[in-house]
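Single-letter residue listing:
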Amino acid sequence: MKDRFHLPEGMIYLDGNSLGPLPKSTPDAVANMLTQQWGDHLIKGWNEDDWMGQPTRVGNMVGRLIGAPEGSVPMGDTLSIKVFQALSSALDLRPDRHVVLSDSGNFPTDLYMAEGLLRSRAGDYELRVVPPEDIQAAITDEVAVVMLTQVDYRTGRMHDMAAITQAAHAAGAVMVWDLAHSAGAVPVDLHAVQCEFAVGCTYKYLNGGPGAPAFIYVRPDLIDTLDPVLCGWLGHDAPFAFEPSYRPAPGIERMRVGTPPVMQLTALEDALRIWDGIEMDDIRAASLRLSDVFIHQIETRCPEPTLVSPREGALRGSQVSFTHPEGYAVMQALIAHDVIGDYRAPNIMRFGFTPLYIDENDVSSAVDRLCGILENRLWDTPEYRATKRVT
């Protein structure tokens, strides 16, 4: 699949866990939307080009990759908004409980959204944050919602979705999963897991582009019981009746909020066609093979970095993280030598392994360059130490 992506000559791209590369077909797909749909059809595009149905149509494409039934995943808005939607609806399902449980490895925006939401609700609500390894023991009958990211954004450590969801349900809690580092990276079966909610973004492993829209999943048996707090007009039962009060649409449509981002959805829809005929189990096997080679070569050839990801592949997602006392400067030097990873505080160098466009030769070449940078202290310059706005 590598030849289906735009990758600059000589670059080894190990940052698909942060932003996926551009599929070569996407510029033409977006240009067609701009000129033939928006340009020629103008406002008729909402009907003639089915812009209004695009969030559900694209949602079904994402749903196939995360084991979600047809019609249970709509697209739109940002991941932060979808976290808010899922958490607020989950709390409404347990009105007699006031504890939201999460872990210290969760992505900060999820915790920020929870803090803000809980401040806005009447009652004595608590966001309880524990170490990742203590989650199951912390699921008590006080907990209303367990809200976790399956794959830790820093270390790649992966939670056992089925076991934790089962523990949450045994305690009477609602389960919300963030799949930002899972969708397109590891096999997920939401139908089998039976969690109530899941959310995720599409600009990482799904290659939807910067700012690509997020998704939300609601277990089908629950959707018609929800009364969303974010009452957007496109979640209304009859948006073009322009009624003065909100009446939620039947089914998953009620989780829509604002106007669909048609240009971004068009890019994402095109990118998702790359996945036709690809099975997530095959992606997972190839990803683990590549990341195991990477770990072995680094530890054998340039042992300065320390592995902070789980060594056992089954316990990590599709990324590998190492620490180094000068991790930021080392990563900047590596990027300057055309190996693209990224940095997360404190001192974590992250590398994503996406077998759609990464092969074993790329892995070996990346290690060659990293070892050369470390052995020759090429990172030790003011240029590489200067902190940029985005790390």
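See the structure above.
This write-up is about the structure you can find in this document. (Residues numbered from 1 in each chain as written. Predicted model: local features only at pLDDT ≥ 70, side-chain atom pairs only at ≥ 80, totals over all residues. Heavy atoms only, no water.)

**Quick notes on the packing of helix α4 (residues 79-93) against helix α5 (residues 108-120)**
Here is step 1 of the chain: Packing of α4 against α5 leaves a shortest axis separation of 9 Å and a crossing angle of 50°. What the angle tells us is that α4 and α5 run oblique. Every pair of crossing elements has a handedness; the one defined by α4 and α5 is right-handed. Residues S80, V83, F84, L87, S88 and L91 of α4 form the contact with α5, whose own contacting residues are T109, D110, M113, A114, L117 and L118.
Here is step 2 of the chain: Its residues assigned to classes, the contact of α4 with α5 shows 8 nonpolar, 3 polar and 1 charged. (Axes fitted to C-alpha atoms, helices over the stretch in contact; angles between N-to-C directions. Helix = DSSP H or I, 4+ residues; strand = E, 2+ residues; numbered from the N terminus. Parallel < 35°, antiparallel > 145°, perpendicular 65-115°, else oblique. Left-handed = near helix turned anticlockwise from the far one by under 90°. Contact = heavy atoms within 4.5 Å. Nonpolar A, V, L, I, M, F, W, Y, C, P; charged D, E, K, R; others polar.)

**So, the state of the cysteines**
Here is step 1 of the chain: Summed over the entire model, instances satisfying the criterion amount to 1 disulfide.
Here is step 2 of the chain: The side chain of C302 participates in a disulfide bridge whose partner is C371; the two sulfur atoms lie 2.3 Å from each other. Handedness of the C302-C371 disulfide follows from its S-S torsion of about -60°: it is left-handed. Of the two residues, C302 sits in the loop between α10 (280-301) and β10 (306-307) while C371 sits in helix α12 (residues 360-375), which places them 69 residues apart along the sequence. Across the pair, C371 and C302 agree in class, each one buried.
Here is step 3 of the chain: Left without a disulfide partner, C195 is nearest to the cysteine sulfur of C201, which lies 16 Å away.
Here is step 4 of the chain: Its relative accessible area of 0% is what places C195 among the buried residues.
Here is step 5 of the chain: Residue class for C201 comes out buried when judged on its relative accessible area of 3%. (Disulfide = S-S within 2.5 Å. Buried < 20%, exposed > 50% of the residue type's maximum accessible area, 1.4 Å probe, protein only.)

**Considerations on the pairing of strand β11 (residues 319-323)**
Here is step 1 of the chain: Where burial is concerned, most of β11 is hidden: 4 out of the 5 residues are buried.
Here is step 2 of the chain: As defined by bridge partners, β11 adjoins strand β14 (residues 348-352) across 5 bridges and the pair is classed as antiparallel. Bridging from a neighbouring strand, Q319 pairs with G352 of β14. (Pairing = 2+ DSSP bridges.)

**What about empty space enclosed by the protein?**
Here is step 1 of the chain: Tallied over the full model, the rule gives 1 cavity of 30 Å³ or more.
Here is step 2 of the chain: The computed volume of the largest cavity comes to approximately 50 Å³.
Here is step 3 of the chain: For the lining of the largest cavity, the residue count by class is 5 nonpolar, 3 polar and 3 charged. (1 Å grid on protein atoms, 1.4 Å probe; cavity = no way out; pocket = protein on both sides within 12 Å on 5 of 7 lines; lining within 4 Å. Points joined across faces, edges and corners; volume = space filled by probe spheres on them.)

**Observations regarding the sheet that holds β10**
Here is step 1 of the chain: With antiparallel pairing, the 4 strands of this open sheet are ordered in space as β10-β11-β14-β13. The sheet is open, and its two edges are formed by β10 and β13 (342-344), each paired on a single side.
Here is step 2 of the chain: Examined bridge by bridge, β10 and β11 share 2 bridges and lie antiparallel to one another. Within the sheet, the bridge partner assigned to L307 lies in β11 and is F322.

**Observations regarding the layout of surface pockets**
Here is step 1 of the chain: Computed from the structure, the largest pocket encloses a volume of approximately 390 Å³.
Here is step 2 of the chain: Every residue lining the largest pocket is counted, 23 residues in all, and those nearest its centre are S18, K204, D342, R344 and R350.
Here is step 3 of the chain: For the lining of the largest pocket, the secondary structure elements donating two or more residues are α4, α11 (327-336) and β13.
Here is step 4 of the chain: Classifying every residue of the lining of the largest pocket by side-chain character gives 8 nonpolar, 8 polar and 7 charged.

**Topic: the pairing of strand β6 (residues 143-149)**
Here is step 1 of the chain: Most of β6 is tucked away, with 7 of its 7 residues classed as buried.
Here is step 2 of the chain: Sheet analysis places strand β4 (residues 99-103) next to β6, joined by 3 bridges and oriented parallel. By the bridge assignment for β6, V99 is matched with V143.
Here is step 3 of the chain: In this region the chain leaves β6, passes through helix α7 (residues 161-170) and returns to the parallel neighbour strand β7 (residues 174-178); the handedness of that crossover is right-handed. (Right-handed = clockwise from strand over helix to strand, strands pointing away.)

**What about the nonpolar core?**
Here is step 1 of the chain: Judged by nonpolar contacts, the single largest core of 84 residues is most densely connected at I66, V146, L190 and F294.
Here is step 2 of the chain: Contacts of F294, omitting those with residues within four sequence positions, involve L14, V320, F322, F351, F353, V363 and V367.
Here is step 3 of the chain: In this structure, V83, Y125, M147 and L226 belong to the second largest nonpolar core, which totals 30 residues. (Core = buried A, V, L, I, M, F, W, Y, C linked by side-chain atoms within 4.5 Å.)

**Some words on the sheet that holds β6**
Here is step 1 of the chain: Here 6 strands make up an open sheet; going across it, the order is β5-β4-β6-β7-β8-β9 and the pairing mixed. One side of each edge strand has no neighbouring strand; the edge strands of this open sheet are β5 (126-130) and β9 (215-218). With strand direction ignored, the average angle separating the axes of adjacent strands in the sheet is 20°.
Here is step 2 of the chain: Pairing of β4 with β5, which is carried by 5 bridges, proceeds in the parallel orientation. By the bridge assignment, D103 is partnered in β5 with V130.
Here is step 3 of the chain: Across the sheet, α4 lies against β4, β6, β7, β8 (197-200) and β9, angled at about 170° from β8, the strand it touches most.
Here is step 4 of the chain: Running at roughly 155° to β5, α5 makes contact with β4, β5, β6 and β7 of the sheet.

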